[in-house]
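# Per-entry structural report
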Amino acid sequence: MMVVRRLLTLLLVLVSGACSDHNSRAYHDQFFAFGTLIDVTFYDAAPDLADQASAIIASDFHSLHREWHAWQPGPLTAINARLVQPEAFTVDPDLLPVIQEANRLARLSGGLFNPTIGRLVALWGFHDNALPLGTLPDREAVAALVAQAPSAEDVVIRDSMISSRNPAVQYDLGGFAKGYAIDRIMDRLRSLGIENAIVNAGGDLRAIGRHGNRPWRVGIRHPRQEGILASIEIEGDASIFTSGDYERFFEVDGARQHHIIDPRSGYPAALSTSVTVIHGTAATADAAATALFVAGPAQWTGVARRMGVELIMLIDTDGIIHMTPGMQHRVRFEPGTNPELKISEPLS
Ligand code: AMP
Ligand code: MG
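Residues numbered from 1 in each chain as written. Chains lettered and ligands numbered in written order. Predicted model: local features only at pLDDT ≥ 70, side-chain atom pairs only at ≥ 80, totals over all residues. Heavy atoms only, no water.

Now for the coordination of the magnesium ion (ligand 2). Put simply, a metal with four donors set out as a tetrahedron has ideal angles of 109.5 degrees, and one with six donors set out as an octahedron has ideal angles of 90 or 180 degrees. Listed as protein donors to the magnesium ion (ligand 2) are Gly 175 (O), Asp 286 (O), Asp 286 (OD) and Thr 290 (OG1); their distances from the metal cover 2.0 to 2.4 Å. Summarised as a motif, the one-chain spacing of the donors to the magnesium ion (ligand 2) is G-x110-D-x3-T. Of this pair, Asp 286 and Thr 290 both sit in helix α8 (residues 282-295), 4 residues apart, which is roughly one turn of that helix. With relative accessibility at 8%, the residue Asp 286 sits in the buried group. Residue class for Thr 290 comes out buried when judged on its relative accessible area of 14%. (Donors = N, O, S within 2.8 Å, 3.2 Å for Na, K, Ca; no water. Helix = DSSP H or I, 4+ residues; strand = E, 2+ residues; numbered from the N terminus. Buried < 20%, exposed > 50% of the residue type's maximum accessible area, 1.4 Å probe, protein only.)

Dropping the structure here:
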């Protein structure tokens, strides 16, 4: 069975040869986790070690997803239930670092990446694995939550104790959990002796070590058409994450209602259709893609500077593509697409 799987793997790697290096030994595996197909590739790893490492990280992904789930009962829902009261309590040591990192990124983003708006996300119906609501939430209920303004600033963490000054704080880590999980998985792979790897979660990915002699190219989906708009080159240890309004949405009277909420209005952020960020760590790339999507074409450079990210492509609702010069060097648009480009100043 293992042998069959390895043969299939070899075939797959050869088929996708445009992205891989034929000279290095590539191991390939796939599994479902975090609601998406996770695709792993290891380079130059002994086959037995690769099989073992792949099984370990598949199991890690499943337990992280369960731990961080904001709606299915588990450790995070237990924390959310207690945050409604002002009293401090001890946080599960596995969850403390992820909450601290979410809070840090939220502060850097000026609250545009806001992991404490779980109630708003629920009101819109995007918390459920079932189909979204299909109808607009009650306007007054949205306004009431926006007025309560839950934020990472309301949360106090001392040692392993947490408390919230704002009863509306409810964690939803959906804007960066996949990235944070991939960072954790990469640490795990290194500790297992795998130095060269790509972990790809539905087009959001991180690569470590060497992954062939040529740079890796990642396809960026066209936000309004079938297929790919562009491909972007990544090299070395890097992550690439995209937030798009096409991922989860419903329409009301022809208007798209999607899953990335502007915490300032309580409504889906209406200025961008897609944002791609390349950064060293996946957690920052993931949180920044969400924050910059909310920031939109007029505010993204300031937010990016504060978050320390500098390789960005933002597509606005007119189809204009805003990029940093560094990103422009790595992007190749598909033939026939001639988008209007606006290149920013370098951000650092
Ligand atoms: P992403 O696809 O990484 O942009 O994350 C979108 C998910 O993050 C949504 O499905 C919500 O669970 C959550 N979310 C929505 N709006 C925000 C926001 N402004 N800040 C942080 N998380 C958000
Ligand atoms: Mg994100």
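Alright, that's what it looks like, and here's the rest.
A few words now on the site of ligand 1. Surveying the vicinity of ligand 1 reveals 17 residues, the closest of which are Asn 114, Asp 172, Ser 243, Ile 261 and Thr 290. Measuring from an oxygen atom of ligand 1, one finds a backbone N or O atom of Gly 175 at 3.0 Å. For ligand 1, an oxygen atom lies 2.7 Å from a polar atom in the side chain of Thr 290. Look at ligand 1: alone it shows 500 Å² of surface, and the protein chains cover 92% of it. A total of 3 residues in the shell around ligand 1 trace back to one element, the largest contributor, which is α8. Residues of the shell around ligand 1, tallied by class, amount to 8 nonpolar, 6 polar and 3 charged. (Near = heavy atom within 4 Å. Polar contact = N/O pair within 3.5 Å; in protein donor to acceptor, adjacent residues only side chain to side chain. Areas by Shrake-Rupley, 256 points an atom, 1.4 Å probe, with all protein chains shown as cover. Nonpolar A, V, L, I, M, F, W, Y, C, P; charged D, E, K, R; others polar.)

Turning our eyes to something else, we now look at the nonpolar core. Formed by 73 residues in total, the largest nonpolar core has its most connected members in Phe 42, Phe 61, Trp 68, Phe 176 and Leu 189. Ranked by residue count, the leading element in this core is α8, at 11 residues. The contact partners of Phe 176, leaving out residues within four places of it in the chain, are Val 98, Glu 101, Ala 102, Leu 105, Phe 113, Ala 283, Asp 286 and Ala 287. Counting residues in each nonpolar core, the second largest holds 22 residues, with Tyr 43, Val 218, Ala 238 and Met 327 among its members. (Core = buried A, V, L, I, M, F, W, Y, C linked by side-chain atoms within 4.5 Å. Contact = heavy atoms within 4.5 Å.)

Another point: the sheet that holds strand β9 (residues 228-234). Adjacent strands of a sheet pair through backbone hydrogen bonds, lying either parallel or antiparallel. One open sheet accounts for 3 strands, arranged β8-β9-β16; its pairing is antiparallel. Where the open sheet ends on each side, the last strands, each with one partner, are β8 (216-221) and β16 (331-333). Put simply, the sheet's adjacent strands are angled 25 degrees from each other on average, direction ignored. Pairing of β9 with β16, which is carried by 3 bridges, proceeds in the antiparallel orientation. Considered in β16, the bridge of Ser 231 is made with Arg 332. (Pairing = 2+ DSSP bridges. Axes fitted to C-alpha atoms, helices over the stretch in contact; angles between N-to-C directions.)

Moving on, we get to the environment of Arg 119. You can see Arg 119 is positioned in helix α5 (residues 118-123). Taking C-alpha positions, Arg 119 is 41 Å from Pro 215, a pair spaced 96 residues apart along the chain. Within polar-contact distance, the side chain of Arg 119 engages the backbone oxygen of Pro 167 at 3.4 Å.

Once that is clear, we can look at the side chain of Thr 276. With respect to the element layout, Thr 276 can be found in strand β13 (residues 272-279). A distance of 2.9 Å separates the side chain of Thr 276 from the side chain of Thr 242, its partner in a polar contact. Apart from the residues within four sequence positions on either side, Thr 276 is in contact with Ile 220, Ile 232, Ile 240, Phe 241, Thr 242, Leu 311, Ile 312, Met 313 and Met 327.

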